[in-house]
Amino acid sequence: MRISDPAIQSALAALGVELRPGASLAELTSLGIGGSTDLLRITRHDGIPGLVQLLEQSGIPFRFLGGGSNLLVGDGELPWVVVQLAKPDPDIVLEGNFARVDAAADLGRTVTYCAKHDLGGMEGLIGVPGTVGGALRMNAGAYGMQIGSYVREVKLYRAADRRVEILKGEQISFEYRHTSFAPDDMMLAVTLELPSKPYKEILQGIRICNEKRRSSQPLGQKSAGCIFKNPPGASAGRMIDELGLKGLSVGDARVSDRHANFFVNAGQASARDMLALIADVRSRVQRAYGVALENEVVVWNA
Ligand code: EPU
């Protein structure tokens, strides 16, 4: 979708929004899949309500994009524009055991920055791509930890109230890869309370997690991490592997040879290819195990 009306363009500029016309979502997502649309980048949190109001009044549908690392976007010209938070400087401020982090901050950098200041707890998330906002929304987790355990406060644009609000950690429910935020809420910043730990000790934990991840996941390839959630008490990756589906492909969309719950873009995969592969694997698992796998990857397909 293109914003061609000069009046809307100047209203965007007045709100401090940078308009990048015809951005390729394939370039903004770790899967390297997705069509094009206008990208609106905004730094100031207090400009968000005005931006949403402008888009709504102008009849322009929109979606909020984080780091694009857990996202499968449709092909071709997309029927909505994309709003993305741009990183302020600084994006992480520490105060005792509290880390105030902008939602646009890189997750990996946040983990290492806190570690260098003797704040631990988040070692498991090293190697998870994306932004802190995306990790927060999905309650990203690995190796027995989840980011939600450390959340004390969240600043967000609440779509239902059309304004920026602050929620206390206890007002939010964090479950396995799921939170109580509404789909159209936009994460803006988070305050984490992290346990004190000597840097050397944190670094050791980081090295162990890095090693485990390197040995079990296709890190150098284009992917969106795990495609399916693990069903209670089972592993989607193991089930897909047991069915001998590693290497199964539709076009350039392929089940990874290294981890069967990672589907990689081995070249020029389209969303159509990837969605067909997801549907095929889901129905084979359903037939063999009687389990309906749920997507872990977020799909924006029209
Ligand atoms: N397994 C196989 N074959 C495979 C993959 C896995 O047999 O191809 C087996 C493993 O040997 C292991 C079990 O399945 O016994 C579980 O595998 P793994 O330890 O790799 O963990 P997972 O359950 O597949 C989860 C998260 C990952 C996270 C890892 C590490 C989900 C859907 N996945 O994977 O998160 O990195 O644990 O904690 O919860 C993601 O969210 O995108 C993601 C990759």
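As a reminder, the structure under discussion sits directly above these lines.
Predicted model, so just to flag it, every value in this text is computed and none were measured. (Residues numbered from 1 in each chain as written. Predicted model: local features only at pLDDT ≥ 70, side-chain atom pairs only at ≥ 80, totals over all residues. Heavy atoms only, no water.)

Novice: Outline the sheet that holds strand β7 (residues 98-102), supporting the account with residue identities and numerical values.
Specialist: Taking strand neighbours across the sheet as the criterion, the 5 strands line up as β6-β7-β14-β10-β11 in an open arrangement whose pairing is antiparallel. Each of the sheet's edge strands pairs with one partner strand only, and the pair in question is β6 (92-95) and β11 (163-168). For this sheet, the mean angle separating the axes of adjacent strands, direction not counted, is 15°. Bridge count between strand β10 (residues 151-158) and β11: 6 bridges; the pairing is antiparallel. The partner of leucine 156 across the bridge, within β11, is glutamate 165. Against the sheet, helix α3 (residues 48-57) makes contact with β10, β11 and β14 (186-193), and its axis sits at roughly 35° relative to β10, the strand it touches most. The strands touched by helix α4 (residues 107-116) within the sheet are β6 and β7, with β6 carrying the most contacts at an inclination of about 30°. (Pairing = 2+ DSSP bridges. Helix = DSSP H or I, 4+ residues; strand = E, 2+ residues; numbered from the N terminus. Axes fitted to C-alpha atoms, helices over the stretch in contact; angles between N-to-C directions. Contact = heavy atoms within 4.5 Å.)

Novice: Could you give me a rundown of the layout of surface pockets, with the residues and numbers involved?
Specialist: Gaps between atoms show up when a probe of the same size as a water molecule is rolled over them. The computed volume of the second largest pocket comes to approximately 180 Å³. For the second largest pocket, the lining is made up of 15 residues, of which Arg100, Val101, Asp102, Ala189 and Val190 are closest to its centre. Only β7, β10 and β14 provide two or more residues apiece to the lining of the second largest pocket. When grouped by side-chain class, the residues that make up the lining of the second largest pocket number 8 nonpolar, 2 polar and 5 charged. (1 Å grid on protein atoms, 1.4 Å probe; cavity = no way out; pocket = protein on both sides within 12 Å on 5 of 7 lines; lining within 4 Å. Points joined across faces, edges and corners; volume = space filled by probe spheres on them. Nonpolar A, V, L, I, M, F, W, Y, C, P; charged D, E, K, R; others polar.)

Don't take any of this as a statement about function, it's just geometry.
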